[in-house]
Amino acid sequence: MEQSGGPAGSGTTPNGTGPVDRPEPASASASEPAPGNRGTGTAEPAAAARIAEIRVRIDEIDRALIELWQERAALSREVGATRMASGGTRLVLSREQEILERFRAALGADGTQLALLLLRAGRGPL
Ligand SMILES: O=C(O)C(=O)C[C@]1(C(=O)O)C=C[C@@H](O)C=C1
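Worth saying up front: this structure is predicted, and the values here are computed from it rather than measured. (Residues numbered from 1 in each chain as written. Predicted model: local features only at pLDDT ≥ 70, side-chain atom pairs only at ≥ 80, totals over all residues. Heavy atoms only, no water.)

(A) Representation of the packing of helix α2 (residues 93-107) against helix α3 (residues 109-123) in the model. Look at α2 against α3: their axes get within 7 Å of each other, and the N-to-C directions meet at 145°. Judged by the sense of rotation from one axis to the other, the crossing of α2 with α3 is right-handed. Listed contacts from α3 to Glu-96, Ile-99, Leu-100, Phe-103, Arg-104 and Leu-107 of α2 are Ala-109, Asp-110, Gly-111, Thr-112, Leu-114, Ala-115, Leu-116, Leu-118, Leu-119 and Arg-123. Of the residues contributing to the contact of α2 with α3, the split by class is 10 nonpolar, 2 polar and 4 charged. (Axes fitted to C-alpha atoms, helices over the stretch in contact; angles between N-to-C directions. Helix = DSSP H or I, 4+ residues; strand = E, 2+ residues; numbered from the N terminus. Left-handed = near helix turned anticlockwise from the far one by under 90°. Contact = heavy atoms within 4.5 Å. Nonpolar A, V, L, I, M, F, W, Y, C, P; charged D, E, K, R; others polar.)

In structure tokens form, the structure reads like this:
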């Protein structure tokens, strides 16, 4: 995958002063990290150990997010089905606005995008 931050494989940021941002070497070479550090993006053992530790929590968070995402979508579908079965509308746009505003207030423009995806996961595209 192409990485941002400079020409592929250049090993520097665009102005040449920033941290090295290069993909992992595809095969063994002098610059490859020691086996215990493989995949962390650094050859420095203490940094690699801390990165591995943080990744454990990141993976837990990702699993929780996926589970919550799926639970929310199922609940949203149930609300929609309940409403339509009772002769109501498929959507309630005022409620969607409230949710979009909640996410925007907490997370800014990315929050709005996230809320749009959340809403779509439950009620389908508009
Ligand atoms: O809260 C509702 O009334 C829902 O139907 C759930 C939900 C949502 O996913 O949050 C989905 C569709 C509606 O237009 C508004 C909100």
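(B) Structural view of the site of the ligand. The local shell around the ligand consists of Arg-72, Ser-76, Val-79, Arg-83, Leu-91, Val-92, Arg-95, Glu-96, Ile-99, Leu-119 and Arg-123. With respect to the ligand, the side chain of Ser-76 contributes an N or O atom lying 2.8 Å from an oxygen atom. The separation between an oxygen atom of the ligand and a polar side-chain atom of Arg-95 is 3.4 Å. Bound to the protein, the ligand loses 90% of the 360 Å² it would expose on its own. Broken down by secondary-structure element, the contributors of at least two residues to the shell around the ligand are α1 (45-85), α2 and α3. Here the shell around the ligand takes 4 residues from α1, the largest share from any one element. Its residues assigned to classes, the shell around the ligand comprises 5 nonpolar, 1 polar and 5 charged. (Near = heavy atom within 4 Å. Polar contact = N/O pair within 3.5 Å; in protein donor to acceptor, adjacent residues only side chain to side chain. Areas by Shrake-Rupley, 256 points an atom, 1.4 Å probe, with all protein chains shown as cover.)

(C) Quick look at the nonpolar core. Listed in full, the 6 residues of the largest apolar core are Ile-99, Leu-100, Phe-103, Ala-115, Leu-118 and Leu-119. Elements represented by at least two residues in this core include exactly α2 and α3. Non-local contacts of Ala-115, meaning those with residues more than four positions away in its chain, are made with Ile-99, Leu-100 and Phe-103. (Core = buried A, V, L, I, M, F, W, Y, C linked by side-chain atoms within 4.5 Å. Buried < 20%, exposed > 50% of the residue type's maximum accessible area, 1.4 Å probe, protein only.)

By themselves these figures say nothing about function.
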